[in-house]
Amino acid sequence: MSSATSYESTTSGHMCDMDRCVERTSLSIRNFGRRFYGCQHWSPNSDQACKFFKWLDKNTCPRGRATAPLVHERFTRYKDEAATARNERDEARAMGAEAQEWERIAKCKAGKTKIALRIAEDKVYKYRLALLLSWIVVRVYFVFSTVFGGHGHRLLCLP
Ligand SMILES: [Zn+2]
């Protein structure tokens, strides 16, 4: 990294100096915890920053350098755990969406089954009604045939 009092960016057309810069803290193992001034337009994955840079603190103390790997290790572990949690969350969402689709299909089938049951019940009612009417007709026929003689029996015999 370079040290400068001012720097003009050629890519974004701005100029950084000590009046227009941002104080940040290094998290690298070599300079862990060491503050510096950097470009006001710096952000991860951006090419808008110029190369303005100036250390504010002196070198990281030996204790800080010894602690940095531990912090990095823990940070990496947390990052991995966060990634795992995100994956599990995404899987849970996918399973939830699948379950909702199955529920929708089941409700649709239940609705169709309900309609089929209603149709079947209507048919049963009509068949019972037809059976009752035919029984009444037969009973009336027998009453009339008994009252008015047995001639009608031959007319209703099946071939
Ligand atoms: Zn800048």
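Going by an unreviewed UniProt entry, the protein carries the name GRF-type domain-containing protein and comes from Lithocarpus litseifolius.

A. Molecular detail of the packing of aromatic side chains. Following the criterion strictly, the structure yields four aromatic pairs and no others. Both rings, one in Phe53 and one in Trp55, keep their centres 4.9 Å apart while their planes meet at 85 degrees; by these two values the pair is edge-to-face. Plain terms: the ring middles of Tyr141 and Phe142 are 5.5 Å apart, the flat faces sit at 65 degrees to each other, and that makes the pair edge-to-face.

B. Spotlight on the pattern of salt bridges. Throughout the structure, instances matching the rule amount to six salt bridges. The partner of Glu23 in a salt bridge is Arg35, with the nearest N and O atoms 3.8 Å apart. Of this pair, Glu23 sits in strand E3 (residues 22-25) while Arg35 sits in strand E4 (residues 35-38), placing them twelve residues apart in sequence. Between Arg104 and Glu101 there is a salt bridge whose closest N-O contact spans 2.8 Å. Highlighted residues: Arg104 and Glu101, both in helix H1 (residues 62-147), separated by three residues, approximately one helical turn. Among the charged side chains, a network of salt bridges with common partners joins Glu23, Arg35 and Asp57.

C. A look at the sheet that holds strand E5 (residues 53-55). Here three strands make up an open sheet; going across it, the order is E3-E4-E5 and the pairing antiparallel. Only two strands of the sheet have a single partner each, and these edge strands are E3 and E5. Strand after strand, the sheet turns through a mean of 30 degrees between neighbouring axes, direction not considered. Pairing geometry for E3 and E4, over four bridges, is antiparallel. Counterpart to Arg24 in the pairing with E4 is Phe36.

D. Focus on the coordination of the zinc ion. Distances from the zinc ion to its protein donors, namely His14 (NE2), Cys16 (SG), Cys39 (SG) and Cys50 (SG), fall within the range 2.2 to 2.3 Å. Bound by four donor atoms, the zinc ion shows angles of 98 to 115 degrees at the metal and therefore tetrahedral coordination geometry.

E. Summary view of the environment of Met18. Of note, Met18 is situated in the loop between strand E2 (15-17) and E3. For Met18, a relative accessible area of 36% puts it in the partly exposed group. Separated by 34 residues in the primary sequence, Met18 and Phe52 have C-alpha atoms spaced 9.1 Å apart.

F. Expanded view of the UniProt feature "transmembrane region" (unreviewed entry) in the protein. Summarizing the sequence annotation, UniProt attributes the feature "transmembrane region" (unreviewed entry) to residues 129-149 in the numbering used throughout. Overall, residues 129-149 shows 90% helix and 0% strand. The separation of its end C-alpha atoms is 29 Å.

G. Quick peek at unusual backbone geometry. Even without being glycine, Asn45 reaches a positive phi, approximately 60 degrees. Considering the arrangement of structural elements, one finds Asn45 in the loop between E4 and E5. Judged by its relative accessible area of 84%, Asn45 is exposed.

The rules behind these values
What you see as residue numbers is a count from 1 along each chain, following the sequence as written. In keeping with the predicted nature of the model, local features appear solely for residues at pLDDT of at least 70, side-chain atom pairs appear and are counted solely at 80 or more, and the whole-chain, interface and lining totals rest on all residues. Side-chain numbers here rest on the full set of heavy atoms in the structure, without hydrogens or water. Pairing of aromatic side chains here covers Phe, Tyr and the six-membered ring of Trp, requires ring centres within 6.5 Å, and sorts the geometry by plane angle: under 30 degrees stacked, over 60 edge-to-face, intermediate tilted. Only one rule defines a salt bridge in this text: a Lys or Arg side-chain nitrogen within 4 Å of an Asp or Glu carboxyl oxygen. The helix count covers DSSP runs of H or I at least four residues long, the strand count covers runs of E at least two residues long, and both are numbered beginning at the N terminus. Any two strands between which DSSP finds at least two bridges are classified as paired. Between N-to-C directions, angles span 0 to 180 degrees; the directions come from axes that are lines fitted to C-alpha atoms, helices contributing only their stretch in contact. Each metal's donors are the N, O and S atoms found within 2.8 Å of it, except that Na, K and Ca use a 3.2 Å limit; water is left out, so coordination can look incomplete. All geometry calls rest on donor angles, where a four-donor set with angles between 85 and 135 degrees is tetrahedral, four- and six-donor sets with opposite donors more than 155 degrees apart and all others between 65 and 115 are square planar and octahedral, and all else is irregular. Burial classes: relative accessible area under 20% of the type maximum marks a residue as buried, over 50% as exposed, and values in between as partly exposed (1.4 Å probe, protein chains only). UniProt positions are given in the numbering used here, feature names are shortened, and annotations may be inferred rather than shown by experiment.

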